[in-house]
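Coordinates in review
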Amino acid sequence: MSENAKLTYNGQEYEFPVITGSENESAIDIAKLRGSTGLITLDPGFKNTGSTSSAITFLDGEEGILRYRGYKIEDLAEKSSFLEVSYLLIYGELPTQEQYESFSKEITHHTLVHEDIKKILEGFPSNSHPMGVLSSLICALTAFYPDSLAPNRSEEEVNLSIIRLIAKMPTFAAWAYKNEVGHPVNYPDNRLDYCSNFLKMMFALPAEKYDVDPVIASALDKLLILHADHEQNCSTSTVRIVGSSQASIYASISAGINALWGPLHGGANQSVIEMLEAIKADGGDAKKYLDKAKDKNDPFRLMGFGHRVYKNFDPRARIIKKAADDVLEKLGVNDPVLDIAKELEHSALNDQYFIDRKLYPNVDFYSGIIYRALGIPTDMFTVMFALGRLPGWIAQWKEMRENGEPIGRPRQVYVGAQEREYVSMNRR
Ligand code: SDX
């Protein structure tokens, strides 16, 4: 147990306990701060504020370390599979062969969705962004499984919802894409593995035979692993706080999808490709855009660069960058924006502005280049991020509920008008 933290205020000294986690991170426990001092803390964006104690993911931003339940992301990306990593994140341990087979079999047999989902899907115009369709269809599960709304459900009932989410999200994602391109939806094919089934639902057409390319399926599986969890990021914090009101897991995950959508978060992978395309269309002058990113009067940011926690290379970016080279070579794809990305990265990493602010490529900088090589359309990139992040969101929601955490309700410092009398309309 670390020594207490001392605060001196208004001539009085206060002590607060300091807790230390399993990786020697320490935090001041301020549960009694307001009661003893009348003070609250103020920390916009929660840059210095921990919301919970969690045993799921550890990351060290200074060292560029990322582990799921203690296992290094580099090992999991190389040796594991997305469903195995999902099991690890959600249940806390790597599955035995029997546990894995039972888990994947359950998921396979829940991939089909109620036919009425198609009626909801048909209500979306073809220009609907697939993230909005996805969050809507996930939330619609509350209508098809109303039992999920009960706050105190048994472990078995919660687990069934977890299986349904992991099983049906790829179907919803693929159907959102088919709605956008005006193609008939494809039903799941239970003979296929998780990623192959998704790719077939995404790209198969009734008029011709579709064979999944194992290179693409394997690359997708690795990408999903790399996105599977990332401790208390914006969308995960959203899932936890929505779940803390005892809202259903479907409503909580739907909220997480919407939080991920923003270009500062999961939407960055789409913005990176749009940025690279704009640089290419503008003559490929990376330095011009680097200067724009540094110009305080220019709202332009180097998308895919910087991170709230990583002040070193995002370990996922390293893995994805290598995978991009491998996949494009295997598929015989030559993508000019990859060259622009590498030039931009090299210039930024040697530029004092970026060095001073410890801005490095993050998970989104290269992922879009692989998704594009796999044939995934740009506005589906963030949907792919959501598919990957789903087990992390589920694990974090489950942990929050199992820990009996209180409803999330931050305080504020009020800076508005002081008390004043109402003035009738004719006297204003
Ligand atoms: C994800 O939290 C997670 O874990 C998220 C994620 C996950 O797996 O869940 O890792 C996924 O969201 C990755 C991040 C994807 N977003 C982007 O790539 C968008 C571009 N990046 C930035 O907008 C920014 O870096 C953030 C949002 C990622 C982090 O912002 P912070 O921590 O609030 O930092 P900041 O905005 O206060 O920036 C600090 C300084 C500022 O300059 P000064 O005011 O100090 O002079 O760095 C500058 C910023 O202007 N800066 C950038 C920049 N990012 C930060 N300048 C140019 N280009 C950038 N990309």
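For the structure itself, look to the data block above.
The present account deals with the structure reproduced in this document.

The rules behind the values
Residues numbered from 1 in each chain as written. Predicted model: local features only at pLDDT ≥ 70, side-chain atom pairs only at ≥ 80, totals over all residues. Heavy atoms only, no water. Helix = DSSP H or I, 4+ residues; strand = E, 2+ residues; numbered from the N terminus. Rg over C-alpha atoms; globule rule 2.2 N^0.38 Å. Buried < 20%, exposed > 50% of the residue type's maximum accessible area, 1.4 Å probe, protein only. Contact = heavy atoms within 4.5 Å. Areas by Shrake-Rupley, 256 points an atom, 1.4 Å probe, with all protein chains shown as cover. Lys, Arg positive; Asp, Glu negative; His and termini not counted. Charge placed at Lys NZ, Arg CZ, Asp CG, Glu CD. Disulfide = S-S within 2.5 Å. 1 Å grid on protein atoms, 1.4 Å probe; cavity = no way out; pocket = protein on both sides within 12 Å on 5 of 7 lines; lining within 4 Å. Points joined across faces, edges and corners; volume = space filled by probe spheres on them. Nonpolar A, V, L, I, M, F, W, Y, C, P; charged D, E, K, R; others polar.

A look at the overall build of the chain
Looking only at helices and strands, one finds 18 helices and seven strands in the chain. The C-alpha radius of gyration of the chain comes to 23 Å, within 12% of the 22 Å expected for a compact globule of 428 residues. Each of the three principal axes of the chain carries a C-alpha extent, and together these read 80 × 65 × 55 Å. Expressed as a percentage of its 428 residues, the buried residues of the chain come to 47%. For the chain, long-range pairs separated by at least 24 residues make up 71% of all intrachain contacts whose partners lie at least 6 apart in sequence. When the accessible area of the chain is evaluated, it comes to approximately 21800 Å², of which 51% is carbon and sulfur surface. Between the centroid of the 46 positive side chains of the chain and the centroid of its 58 negative side chains there is a distance of 4 Å.

Let's talk about the state of the cysteines
Taken as a whole and assessed by the stated rule, the structure comprises zero disulfides. Unpaired in terms of disulfides, Cys-234 finds its nearest cysteine sulfur in Cys-139, a separation of 18 Å.

A word on empty space enclosed by the protein
According to the stated counting rule, one finds two cavities of 30 Å³ or more in the structure shown. In this structure, the largest cavity occupies an estimated 40 Å³ of space. Lining the largest cavity we find Pro-170, Tyr-194, Cys-195, Phe-198, Leu-220, Leu-224, Met-384 and Leu-387. Ranked by the residues each element gives to the lining of the largest cavity, the list is headed by helix α8 (residues 194-203), at three residues. Classifying every residue of the lining of the largest cavity by side-chain character gives eight nonpolar, no polar and no charged. Approximately 30 Å³ is the volume attributed to the second largest cavity. What lines the second largest cavity is simply Val-113, His-114, Ile-117, Leu-141, Phe-144, Tyr-145, Lys-168 and Phe-172. Looking at side-chain class alone, the lining of the second largest cavity contains six nonpolar, one polar and one charged residues.

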